[in-house]
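Reading the structure
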Amino acid sequence: MASISGMYSPSSAVKIGRSPITILLSRRDPFFVPIAPAGRSVRLAQSVARDIPSGLSPVSNSPASKTTAVEKDRVSLWHRYVDWLYQHKELGLYLDVSRIGFTNEFLERMEPRMQSAFVAMQELEKGAIANPDEGRMVGHYWLRNVALAPNSFLRSQIEKTLNAICEFADKIISAQIKPPSSPHGRFTQVLSVGIGGSALGPQFVAEALAPDNPRLKIRFVDNTDPAGIDHQIAQLGTELASTLVIVISKSGGTPETRNGLLEVQKAFRDAGLEFPKQGVAITQENSLLDNTARIEGWLARFPMFDWVGGRTSVMSAVGLLPAALQGINIREMLVGASLMDMANRTTVVRNNPAALLALCWYWATDGVGSKDMVVLPYKDSLLLFSRYLQQLVMESLGKEFDLHGNRGYEDYHKCNFKKE
Ligand SMILES: O=P(O)(O)OC[C@H]1O[C@H](O)[C@H](O)[C@@H](O)[C@@H]1O
């Protein structure tokens, strides 16, 4: 069992509670021995493992514990815990992998593979064609640290879009831009229409980070179920006149999203409202959606970049515009993400949380996915983390074929995502 805790907080006082997320991977370590949780007295250090927190003292080395087998031994477990506990001060992130039973021999065997993974990541961040299927770069890291983008064109694309998002969101929130027939004289609701990678990120952020009473409340049409779409529209009622509709689709041609849009447009017509005055498109330039929005004169259009995959688009306009409209400080969100990226760039495996989780997953599933991963968010606001992660993982394993051309995990997609 591995557990993660923490969430980026701009304040210096990082609050630490019981781990909000637990990832169960393995049944090799069934013995639970209660040890002190990472408590408030833990000394925080940036991106390190192995520091023994000064506020914690070792459990007593009782004779009883000496008689148990090594893996059940409380003292050994305690040492393994302190030895492997990963902490990141600014992010308030803790990762406890001590109950995953990987051995030193395993770590040594995996080291060359981990090092080649780090090299591949460095190439990817420099702009290598890392998605051979689609012949494109994979650059979502640049969204949160523009200096890393491989050329000035990309850098200006990112900056221009971010500024345009902030400006547009400010104007909507301050009612400088308002819907023509709203009795409130301003936008009060956001309806996001999109599916998969164009829905899960913004949903997760809304659930995790939005203030209790955001100036604009958000709801989602993320399925093609007519009853579900009608339900969302019915709940808006007369507030449809004060609703900003954001249609999100990287390809701009996803049928489910198109169905949602058609339903919403019909509701606007039935209510005698002009959809273009309240519609926003987030999509790749010149896609079907982009052209429709341009020709019909929608309120605004924001670009999606071909070098950002749908499942990792939450830090592009896809996630940032809905977040900004809810009053979330998106520049702070980007800073948090870039700190996390930095932590995951270190090539010392035990100091790299992403590498540690990957290793644990590999170990626990025998490198072939022989067990299921269960993600248990013990924090209500992180409920959608599991869904978000599910899509992230399954679509990262290869949609139909893996990097070597082998037919891969397509069943997932047949069940959950029909496209591609
Ligand atoms: O953003 P779109 O092009 O509309 O695609 C939306 C989603 O469609 C499908 O569900 C794909 O499997 C996802 O990867 C994608 O994120």
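Reference entry: report on the structure contained in this document. Bear in mind that the values here come from a model prediction, so they are computed numbers and not experimental data. Residues take numbers from 1 onward in each chain, read along the sequence in its written order. Local features in a predicted model are, by the rule used here, given only for residues with pLDDT of at least 70; side-chain atom pairs are given and counted only at 80 or more, and totals for whole chains, interfaces and linings are based on all residues. The basis for the side-chain values is all heavy atoms of the structure; hydrogens and waters are excluded.

1. What to know about helix α12 (residues 353-364)
Put simply, the rule reads: By the criteria applied, helices consist of DSSP H or I runs no shorter than four residues and strands consist of E runs no shorter than two, each listed in order from the N terminus. Take the residue count of a helix, subtract one, and multiply by 1.5 Å to get its expected span. For each residue, the accessible area found with a 1.4 Å probe, counting protein chains only, is set against the maximum for its type, and the residue is called buried under 20%, exposed over 50%, and partly exposed in between. In this context, the arc is that of the directions from the helix axis out to the C-beta atoms. Contacts are residue-level and defined by heavy atoms, with any inter-residue pair within 4.5 Å sufficient. Side-chain atoms alone can form a polar contact between residues adjacent in sequence; in general such a contact is a pair of N or O atoms within 3.5 Å, and within protein one must be able to donate a hydrogen while the other accepts it.
Counted at 1.5 Å a residue, the expected span for α12 with its 12 residues is 16 Å, and the 16 Å between its end C-alpha atoms agrees. If you check which residues of α12 are buried, you get P353, A355, L356, L359, C360, W363 and A364. Projection of α12 onto a plane perpendicular to its axis shows the buried side chains occupying an angular sector of 160°, all on one side. The inward-facing, buried residues of α12 contact α2 (74-84), β3 (86-88), β4 (93-96), α3 (104-125) and α11 (330-343). The N-terminus of α12 is capped by N352, whose side-chain oxygen sits 3.1 Å from the backbone nitrogen of A354. Immediately downstream of α12, the backbone of D366 shows phi near 55°, a positive value.

2. A closer look at the sheet that holds strand β8 (residues 217-221)
The test is simple: The pairing criterion is simple: DSSP has to find at least two bridges between the two strands. Comment: axis = line fitted to C-alpha atoms, over the contacting stretch for helices; angle = value between 0 and 180 degrees taken between N-to-C directions.
With respect to topology, 5 strands assemble into an open sheet ordered β8-β7-β9-β10-β11, the strand pairing being parallel. Each having just a single partner strand, β8 and β11 (300-303) make up the two edges of the open sheet. Direction aside, the axes of adjacent strands within the sheet are offset by 20° on average. Of the strand pairs in this sheet, strand β7 (residues 189-193) and β8 are connected by 5 bridges, and their pairing is parallel. The partner of S192 across the bridge, within β8, is F220. Helix α5 (residues 152-173) rests against β9 (243-249), β10 (279-283) and β11 of the sheet, and its axis sits at about 150° to β11. In this fold helix α10 (residues 317-325) packs onto β7, β8, β9, β10 and β11, with an angle of close to 165° to the strand it touches most, β9.

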